[in-house]
Amino acid sequence: SLKLGRLYRYVKLAVLGSLAAALVLNTHSLLASLQRNELSERRFLQLNKCPACWGTSWCRKFLNGQLRLESWGRLRLLDFFNVKNVWFSKESKAKQGIHSAIPMGRQVLSHCQDSRAPSYGMVTWEDKRCHSGCVSFLLLPPASHADHDAIWNRIFLGSAGVSCPDCVPSQLLVHPIPLAGGGSFPSDEGWPFAKYLGACGRMVAVNYVGEELWSYFNAPWEKRVDLAWQLMEIAEQLTNNDFEFALYLLDVSFDNFAVGPRDGKVIIVDAENVLVADKRLIRQNKPENWDVWYESKFDDCDKEACLSFSKEILCARVTVDHNYYAICQNLLSRHATWRGTSGGLLHDPPAEIAKEGRLEALLDECANPKKRYGRFQAAKELREYLAQLSNNVR
């Protein structure tokens with residue numbers, strides 16, 4: 001035991017010594033990071049990556065140094081831990097969230113369309129330097145209905161911040177961050193996304209919404225019920241709306257949602273994985289089984305934020321339960337796991353509600369249905385039940 005104790009101390013001293021040495025060696029870089037405003041640098045904004053670029057509407061603000069990174073975001077050494085590529089910055093006294101667009105494939109995309117790709121929702125783009133199709137990106141086809149024009153114009157005429165000077169109108173590449181967070185589905189019209197402010201190169205600026213949903217995990221029961229109801233309403237809105245666009249959330253976790261400190265409104269703050277399907281176009285093209293209701297498969301993977309889905313199927317069916325499945329499994333039900341916890345947002349309900357058993361039954365059926373098409377009905381009843389509970393506890 002004495003030998004093990006000495007060995008432990010030696011290892012501990014070696015680790016501390018290595019950290020101290022690394023700190024000394026990188027002192028210059030640390031000081032430079034603190035003094036330099038990288039939001040004004042073309043390299044950091046990746047302006048050289050255009051036309052795979054989200055736009056230039058805020059380039060003047062960026063390049064003139066009107067935006068500055070806050071706190072730990074100024075240290076480039078910590079970018080390794082910033083897996084979501086999200087920074088916080090200040091413009092005057094307003095706090096803005098700065099979201100970095102995800103690098104697209106091999107940076108430079110050719111406009112080669114894969115003829116084998118289905119025409120009703122997904123197109124595969126190929127890089128000429130690759131020997132096969134590199135990455136699949138969502139491409140929204142040209143509008144075919146008059147009442148779609150408003151959204152199509154927002155997407156293809158650049159108000160969403162997308163810049164592609166070499167593309168013809170039917171080939172504009174649309175990325176989910178400017179798509180959902182920008183002018184296409186704006187918060188001003190009731191869409192549950194952070195307000196899009198502008199873009200420069202591969203950086204997109206959106207407004208700061210509030211604390212992430214995770215900070216409410218142990219909030220009072222009445223607050224959690226209200227948040228759960230809002231989440232189910234979001235799932236419904238994105239699935240069924242007057243525009244006949246279905247927006248499917250492919251990455252659902254507690255840190256992808258935030259809650260407004262004043263109005264308590266739930267907002268999607270990370271929309272980098274949102275798939276958009278045009279239901280009218282699906283009805284028009286009638287791919288195989290287009291009118292068969294699609295039930296998402298429960299994914300018991302014992303990991304955080306698991307979801308099982310097929311982009312091709314989501315883009316080829318009119319009636320899909322994916323959003324209900326994603327919200328119930330990853331946020332609300334006992335199957336939800338996050339940062340070492342389990343039980344979901346609605347954990348530990350009051351004794352009378354737990355005894356009644358209806359809430360648990362609806363959550364289980366919504367996450368992992370036992371009946372055919374059970375999730376559709378369970379989601380509807382769960383929305384109504386949460387609304388009732390929310391009214392009762394207010």
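Rules of the game
- Residues numbered from 1 in each chain as written.
- Predicted model: local features only at pLDDT ≥ 70, side-chain atom pairs only at ≥ 80, totals over all residues.
- Heavy atoms only, no water.
- Pairing = 2+ DSSP bridges.
- Helix = DSSP H or I, 4+ residues; strand = E, 2+ residues; numbered from the N terminus.
- Contact = heavy atoms within 4.5 Å.
- Axes fitted to C-alpha atoms, helices over the stretch in contact; angles between N-to-C directions.
- Buried < 20%, exposed > 50% of the residue type's maximum accessible area, 1.4 Å probe, protein only.
- Patch = residues over 30% accessible without salt bridge, like charges linked within 9 Å, V, L, I, M, F, W, Y side chains within 5 Å.
- Areas by Shrake-Rupley, 256 points an atom, 1.4 Å probe, with all protein chains shown as cover.
- Salt bridge = Lys/Arg side-chain N within 4 Å of Asp/Glu carboxyl O.
- Parallel < 35°, antiparallel > 145°, perpendicular 65-115°, else oblique.
- Left-handed = near helix turned anticlockwise from the far one by under 90°.
- Nonpolar A, V, L, I, M, F, W, Y, C, P; charged D, E, K, R; others polar.
- Disulfide = S-S within 2.5 Å.

K.L.:
Summarise the sheet that holds strand β9 (residues 211-212); cite the residues concerned and give the values.
P.N.:
Pairing is antiparallel across the open sheet formed by three strands, whose spatial order is β9-β11-β12. Every other strand in the sheet has two partners, leaving β9 and β12 (266-268) as the edge strands with one partner each. Judged from the three bridges that link them, strand β11 (residues 257-259) and β12 form a sheet pairing that is antiparallel. Its bridge partner being in β12, A258 is matched across the sheet by I267. Across the sheet, helix α7 (residues 221-239) touches β11 and β12, and the angle it forms with β12 is around 45 degrees.

K.L.:
Hey, could you go over the pairing of strand β13 (residues 274-278) for me, with residue numbers and the actual values?
P.N.:
β13 sits mainly inside the fold: five of its five residues count as buried. Across the two faces of β13 the burial is the same, with V274, V276 and D278 and L275 and A277 all buried. As defined by bridge partners, strand β10 (residues 245-249) adjoins β13 across five bridges and the pair is classed as antiparallel. By the bridge assignment for β13, L247 is matched with V276.

K.L.:
Describe the environment of R42, listing the residues and the values that go with them.
P.N.:
Within the secondary structure layout, R42 lies in helix α3 (residues 42-45). For R42, a relative accessible area of 55% puts it in the exposed group. Each C-alpha atom, one on R42 and one on C59, is 9.5 Å from the other, the two residues being 17 residues apart in sequence.

K.L.:
Tell me about a nonpolar patch on the surface, and please be specific about residues and values.
P.N.:
There is a patch of nonpolar side chains on the surface, built from L7, V11, V15, L16 and L19 and spanning about 460 Å² of accessible area. Judged by relative accessible area, which is 48%, L16 ranks as partly exposed.

K.L.:
So what's going on with helix α12 (residues 358-367)? Which residues, and what values?
P.N.:
In terms of burial, α12 is largely enclosed, as seven of its 10 residues are buried. Residues of α12 that are buried include every one of L359, L362, L363, D364, E365, C366 and A367, and no others.

K.L.:
Which residues make up the packing of α7 against helix α10 (residues 322-332), and what values go with them?
P.N.:
Close contact between α7 and α10 brings their axes to 9 Å; oriented N to C, the two are set at 155 degrees. Relative to α10, α7 is oriented roughly antiparallel. The chirality of how α7 crosses α10 is right-handed. Residues A228, L231, M232, A235, E236, L238 and T239 of α7 touch α10, and the partners they reach there are N323, Y324, I327, C328, L331 and L332. Residue composition of the contact of α7 with α10, by class: 10 nonpolar, two polar and one charged.

K.L.:
Could you give an account of the state of the cysteines, naming the residues involved and the relevant values?
P.N.:
According to the stated counting rule, one finds two disulfides in the structure shown. Here C59 engages in a disulfide with C200; their sulfurs sit 2.1 Å apart. Between C59 and C200, the S-S dihedral sits near 95 degrees, and the bridge is therefore right-handed. Here the residue C59 occupies a position in helix α4 (residues 59-63), and C200 occupies one in strand β7 (residues 196-200), the gap between them amounting to 141 residues. A sulfur-sulfur separation of 2.0 Å characterises the disulfide bridge that pairs C328 with C366. Between C328 and C366 the sulfur-sulfur dihedral comes to about 80 degrees; the bridge is accordingly right-handed. Placement of C328 in helix α10 and of C366 in helix α12 is noted, with a sequence separation of 38 residues between them. Residue C328 shares its accessibility class with C366, and that shared class is buried.

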